[in-house]
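Spelled out, the chains give:
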Amino acid sequence: MLVVRPSPIHSVGVYAAKPIRKGTRIVEYTGPRITPEEADRLYQNSQRTYLYGLEDGKTVIDGEGLAAYMNHSCSPNCEVDEIKGRVWLFALRDIEPGEELVWDYNLYDDEAPAPCHCGSPKCRGTMYSREWMARMRRRDARKRERVRESSRRVPALHQENGNHASA
Ligand SMILES: [Zn+2]
């Protein structure tokens, strides 16, 4: 049903060899199960990982096999779903033979750049989730606000010093 071959998105991708109907459970996201701490230790300096965090927040699948080869797209034709601790990729719509199977990674919990090259007109430019990007923007805004506050405080301090000097 699936073939792996070079992808214009990134290195290799997974392609439909036969038509896939909307809702089909296509492939399980498999791999060793590790803790988030182990994942951090193993992949701290890695540019690209194939980690999938389960809803329990305590388990990460270190993806290997077909599902891990599936690329990210901002206009996905597949979606990921966790069912009783197992993770599956489902078809979001009918998929034609020859189409690359892609899902929205919705990355989170990291700050390393993860630029997206999916080529979709709706591309958001990053593989991070909208929620995570919004959180990062709010955090950056708070950081900028603190910088502004401290630069306002500096002239005030100078003035104070000046007053002391002239007293
Ligand atoms: Zn994109």
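Cut-offs applied
Residues numbered from 1 in each chain as written. Predicted model: local features only at pLDDT ≥ 70, side-chain atom pairs only at ≥ 80, totals over all residues. Core = buried A, V, L, I, M, F, W, Y, C linked by C-beta atoms within 7 Å. Buried ≥ 20, exposed ≤ 12 C-beta atoms within 10 Å, placed from the backbone. Helix = DSSP H or I, 4+ residues; strand = E, 2+ residues; numbered from the N terminus. Contact = placed C-beta atoms within 7 Å. Pairing = 2+ DSSP bridges. Domains from an automatic or database assignment. Nonpolar A, V, L, I, M, F, W, Y, C, P; charged D, E, K, R; others polar.

A few words now on the nonpolar core. Met70, Cys78, Leu89 and Leu101 are the most contacted members of the largest nonpolar core, which totals 25 residues. For this core, the element with the most residues is strand 10 (residues 100-103), which contributes three residues. Not counting residues within four places of it along the chain, the set of residues in contact with Met70 comprises Gly13, Val14, Cys78, Leu89, Leu101, Val102 and Trp103.

This brings us to the pairing of strand 1 (residues 2-6). Counting buried positions along strand 1 gives zero out of five residues, so the element sits mostly on the surface. Note: strand 1 against strand 2 (residues 12-16), five bridges, orientation antiparallel. Residue Arg5 lies in a different strand from strand 2, and its bridge partner there is Gly13. Linkage of strand 1 to strand 2, two consecutive antiparallel strands, is achieved through a turn of five residues, within which Ser11 is found at a positive phi near 40°.

What the domain assignment lists for the chain is domain 1 (2-127) and domain 2 (129-167). For domain 1 versus domain 2, the separation of C-alpha centres amounts to 40 Å. Taken together, the contacts link five residues of domain 1 with four residues of domain 2. Looking at the side of domain 1 that touches domain 2 residue by residue, the class counts come to two nonpolar, two polar and one charged.

Below, the discussion takes up the sheet that holds strand 5 (residues 51-53). Remark on secondary structure: sheet strands pair via backbone hydrogen bonds, oriented parallel or antiparallel. Taken in spatial order, the three strands make up an open sheet running 4-6-5, and their pairing is antiparallel. In this open sheet, the two edge strands, each paired with only one partner strand, are strand 4 (33-34) and strand 5.

This part covers unusual backbone geometry. Glycine aside, the phi torsion of most residues is negative, and most peptide linkages are trans. The phi dihedral of Ser11 is positive, around 40°, even though this residue is not glycine. With respect to the secondary-structure elements, Ser11 resides in the loop between strand 1 and strand 2. A positive phi angle is found at Asn106, which is not glycine, with a value near 45°. With respect to the helices and strands, Asn106 occurs in the loop between strand 10 and helix 3 (130-166). Owing to 15 C-beta atoms within 10 Å, Asn106 belongs among the partly exposed residues under this scheme.

Positionally, Gly13 belongs in strand 2. In this structure the C-alpha to C-alpha distance between Gly13 and Ala68, which are 55 residues apart in sequence, comes to 9.2 Å. Look past the residues within four positions of Gly13 in its chain and what remains in contact with it is Ser7, Tyr69, Met70, Asn71 and Glu100.

Once that is clear, we can look at the pairing of strand 9 (residues 86-91). Sheet topology places strand 3 (residues 25-28) next to strand 9; three bridges connect them, and they run antiparallel. Of the residues in strand 9, the one forming a bridge with Glu28 is Trp88. By the bridge criterion, six bridges tie strand 8 (residues 78-83) to strand 9 in an arrangement that is antiparallel. Across the sheet, residue Val80 finds its bridge partner in strand 9, namely Leu89. If you look at the hairpin formed by strand 8 and strand 9, you'll find two residues sitting between the two strands, and Lys84 has a positive phi there, around 50°.

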